[in-house]
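# Structure assessment
The lines below spell out each chain.
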Amino acid sequence: MGAASNRNSSYHLPDPFPMPCLSGGILAMWRDWWKESGEYDDQMTEWGSEQFEMSLRIWRCGGSVEAVPCSRVGHMFRGQRPYSFHGEAAARNKKRLISVWLDNYTDEVYKAQPRLVDNSDMGDISARLALKDRLQCKSMDWYIKNVYPGRTQK
């Protein structure tokens, strides 16, 4: 059969398109950008919310998140988790995300999830706030207006 372009001369690969958020931890980026943009928040524990943190940071601090149709990524799912999931770790990660990246949208989150209001257990976020300042990241309002405009449409 061969490649699609050999079977159909009008075929062309679909263009990448922007996405407001990563769908999970499967991503590809240049190593130098990964390091400069802050890598993983090393105070987030286990897993949960890191894809939101990365997406907001990437978009707001000079990058973009794009889906590349027809790309090939392998991911192995296990029949069951080989480790325990701790809800308190996921809540800690959400609190860090909210406190660093959501700016003037925190009240909306706290209204929807009041258990996240007490952020005394989220750890020190000063390094992430300094990163945000050093990278001269744009505001959450900018993100809503330019990256996720459907968020404000009802």
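Every value quoted in this text rests on a predicted model; they were computed, and no experiment measured them.

Basis of the calculations
Residues numbered from 1 in each chain as written. Predicted model: local features only at pLDDT ≥ 70, side-chain atom pairs only at ≥ 80, totals over all residues. Heavy atoms only, no water. Helix = DSSP H or I, 4+ residues; strand = E, 2+ residues; numbered from the N terminus. Buried < 20%, exposed > 50% of the residue type's maximum accessible area, 1.4 Å probe, protein only. Contact = heavy atoms within 4.5 Å. Areas by Shrake-Rupley, 256 points an atom, 1.4 Å probe, with all protein chains shown as cover. Lys, Arg positive; Asp, Glu negative; His and termini not counted. Charge placed at Lys NZ, Arg CZ, Asp CG, Glu CD. Disulfide = S-S within 2.5 Å. Salt bridge = Lys/Arg side-chain N within 4 Å of Asp/Glu carboxyl O.

Moving on, we get to the overall build of the chain. Across its full length, the chain holds seven helices and two strands. Among the 154 residues that make up the chain, the fraction classed as buried is 32%. For the chain, restricting intrachain contacts to residue pairs at least 6 apart in sequence, the fraction spanning at least 24 positions comes to 79%. Roughly 10,700 Å² of accessible area belongs to the chain as shown, and the carbon and sulfur atoms make up 53% of that amount. Across the chain, the 21 positively charged side chains and the 19 negatively charged ones have centroids separated by 5 Å.

Moving on, we get to the state of the cysteines. All told, the structure shown has one disulfide when counted by the stated rule. In this model C61 forms its disulfide with C137; the gap between the sulfur atoms is 1.8 Å. Between C61 and C137, the S-S torsion sits near 100°, and that sign places the bridge as right-handed. Placement of the pair is C61 in the loop between α3 (50-60) and β2 (66-67) and C137 in the loop between α6 (126-134) and α7 (140-146), with a sequence separation of 76 residues. In this structure C21 is a free cysteine whose sulfur lies 14 Å from that of C61, the closest cysteine sulfur available.

Moving on: the pattern of salt bridges. Taken as a whole and judged by the stated rule, the model has seven salt bridges. As a salt-bridge pair, E53 and R128 come within 2.9 Å of each other at their nearest N and O atoms. Within this pair, whereas E53 is found in helix α3, its partner R128 is found in helix α6, the two being separated by 75 residues in sequence. An identical accessibility class is assigned to E53 and R128; each is buried. A salt bridge links K95 to D121; the shortest N-O distance between them is 2.9 Å. Of this pair, K95 sits in helix α4 (residues 87-101) while D121 sits in the loop between α5 (106-112) and α6, and the two are 26 residues apart along the sequence. A relative accessible area of 39% places D121 in the partly exposed class. The network of salt bridges with shared partners includes E53, R57 and R128.

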